[in-house]
Amino acid sequence: MQALTITTYGGPDVVQLEQNAPVPVLEAGHLLVRVRCAGINFMDIHTRQGKYANSRTYPVRLPTTLGMEGAGDVVGVGEGVTGYAAGDRVAWCIAWGSHAEYVSIPAARAAKLSDDIGYDLAAAAIFQGSTAHYLVEDVARLASGSTCLVHAAAGSIGQLLVQMAKRKGATVIATASDAAKREVARARGADIVLPYDDGAFADAVRAATGGAGVDVVFDAVGRATLRDSFRATRTRGLVVNYGSVSGSVQDLDPIELGESGSLFLTRPRLADHMQTGAVVQARADAVFAAIREGDLTIDFTALHALESVRPAHARIEARQQIGKEVVWIQ
């Protein structure tokens, strides 16, 4: 089969397109899936760079096949798996190997797809949709009357956070780095859209909330914004650092949280909120229901060859991408 693999960590040049890679062996508890479409994500760059080399949450070790999200057809059911059969349409995320023609994934990471959800939409939605769902529903527990700040609001997860927060009845303040991206955030329903302004967004958020600050900040940027996110948060509010695209904060003293108003800071990971097949299916069902009801719009661009994934990595790393890219594999 064709597969995008790495045997060492590094830049885009370490990614190899193998023409005769072995089809994965079907393991107990797994599904062997013919991949139709796969998502392209920042986690693929992190995998390539070695960010998960020592991770316990995402134990991705070399050599590995890239791609942690996809959609396709079940062609084999492993020992001990119930509820699945050959021919079932499924989507999955945080199960590596999707940038290939076949993948073996844990059955507990798969969600069945109804016939009205295309493979490309499923591959565009399952990871970011599940992420936004658990952040809004389980971590922030937004409700009518809540206030939140969404950084990187034109990104693939940021757009969904804005829409899901509005669906819960929250007031949403959004940030984005340029005018085009801010227009995307506005189109997704953000009530107020701001530039970062080297941290001055925090002053604007305070002004917009009568000096109080927001209940929750969703911060995927990291080092460039996190301390100013503290300034934008109300007393005893919550800062959710779910990504670090500008780099990790490595010199944080917990006393800063106290000085900023006795804040709560969390660094959640999707895997800890997708621990059973039932939860995975429930999150997928909620995301696709919101799409059907018109409350959730997912913009994506479909690519048509595995060779196109490497240039997509460069766009993601340069933060030039708006929305999501997926690749059709077969």
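Heads up: the structure comes first, above all this text.
Residues numbered from 1 in each chain as written. Predicted model: local features only at pLDDT ≥ 70, side-chain atom pairs only at ≥ 80, totals over all residues. Heavy atoms only, no water.

A. Here's a closer look at the overall build of the protein chain. Regarding its fold elements, the protein chain presents nine helices and 16 strands. The C-alpha atoms of the protein chain give 20 Å as radius of gyration, which agrees with the globular expectation for 330 residues (20 Å, within 12%). Summarising its shape, the C-alpha atoms of the protein chain cover approximately 60 × 40 × 35 Å along the three principal directions. Out of the 330 residues in the protein chain, the part that is buried amounts to 55%. With the model as given, the accessible surface of the protein chain reaches about 13400 Å², and the carbon-plus-sulfur share is 49%. Separation of charge centres in the protein chain, based on 31 positive and 35 negative side chains, amounts to 2 Å. (Helix = DSSP H or I, 4+ residues; strand = E, 2+ residues; numbered from the N terminus. Rg over C-alpha atoms; globule rule 2.2 N^0.38 Å. Buried < 20%, exposed > 50% of the residue type's maximum accessible area, 1.4 Å probe, protein only. Areas by Shrake-Rupley, 256 points an atom, 1.4 Å probe, with all protein chains shown as cover. Lys, Arg positive; Asp, Glu negative; His and termini not counted. Charge placed at Lys NZ, Arg CZ, Asp CG, Glu CD.)

B. Quick look at the packing of helix α1 (residues 42-49) against helix α9 (residues 309-317). Packing of α1 against α9 brings their axes to within 9 Å, and their N-to-C directions diverge by 100°. On the basis of their axis angle, the class for α1 and α9 is roughly perpendicular. Mapping the contact onto sequence places F42, D44, I45, R48 and Q49 in α1 and H313, I316 and E317 in α9. Residue classes in the contact of α1 with α9 are distributed as three nonpolar, two polar and three charged. (Axes fitted to C-alpha atoms, helices over the stretch in contact; angles between N-to-C directions. Parallel < 35°, antiparallel > 145°, perpendicular 65-115°, else oblique. Contact = heavy atoms within 4.5 Å. Nonpolar A, V, L, I, M, F, W, Y, C, P; charged D, E, K, R; others polar.)

C. Up close: helix α8 (residues 277-292). Compared with an ideal rise of 1.5 Å per residue, which puts 16 residues at 22 Å, α8 spans 22 Å between its outermost C-alpha atoms and is within 8% of the ideal. Each element contacted by the buried residues of α8 is listed here: β8 (110-112), α2 (119-140) and α3 (156-167). Positioned one or two residues after α8, G294 has a phi angle of 85°, which is positive. (Expected span 1.5 Å × (residues − 1).)

D. Fine view of the environment of R236. Within the element layout of this structure, R236 appears in strand β13 (residues 233-241). By relative accessible area, R236 is classed as exposed at 57%. The sequence separation of R236 and S262 amounts to 26 residues, and the corresponding C-alpha distance is 5.1 Å. Other than its neighbours up to four places away in sequence, R236 contacts G261, S262, L263 and F264.

E. View of the sheet that holds strand β9 (residues 147-150). The sheet built from six strands is open, its strands ordered β11-β10-β9-β12-β13-β14 with parallel pairing. Edge strands, defined here as strands with exactly one partner in the open sheet, are β11 (192-194) and β14 (264-266). Strand-to-strand twist in this sheet, taken as the mean axis angle between neighbours without regard to direction, amounts to 15°. Of the strand pairs in this sheet, β13 and β14 are connected by three bridges, and their pairing is parallel. Bridged to V240 within β14 is T266. Contacts between helix α5 (residues 201-208) and the sheet are confined to β9, β10 (171-175), β11, β12 (214-219) and β13, with β11 contributing the most and set at about 160° to the helix. (Pairing = 2+ DSSP bridges.)

F. Expanded view of the layout of surface pockets. Quantified by volume, the largest pocket comes out at close to 930 Å³. Every residue lining the largest pocket is counted, 39 residues in all, and those nearest its centre are F42, I157, A220, G243 and V245. Mapped by element, the contributors of at least two residues to the lining of the largest pocket are α1, α2 and α3. Examining the composition of the lining of the largest pocket, we find that four residues originate from one element, α2, more than from any other. Taken together, the residues of the lining of the largest pocket sort by class into 18 nonpolar, 15 polar and six charged. Of the volumes computed, that of the second largest pocket is approximately 410 Å³. Of all the secondary structure elements, the ones that give two or more residues to the lining of the second largest pocket are β4 (64-65) and β7 (102-106). The element best represented in the lining of the second largest pocket is β7, accounting for three residues. (1 Å grid on protein atoms, 1.4 Å probe; cavity = no way out; pocket = protein on both sides within 12 Å on 5 of 7 lines; lining within 4 Å. Points joined across faces, edges and corners; volume = space filled by probe spheres on them.)

G. Representation of the pairing of strand β3 (residues 30-40) within the structure. For β3, a buried count of 10 out of 11 residues is recorded, marking the element as mostly surrounded by other parts of the structure. The pairing of β3 with strand β5 (residues 69-77) spans seven bridges and is classified as antiparallel. Considered in β5, the bridge of V33 is made with V74. One ladder, built from four bridges, connects β3 with strand β16 (residues 324-328); its direction is antiparallel. Paired with A38 across the two strands is V327, which belongs to β16.

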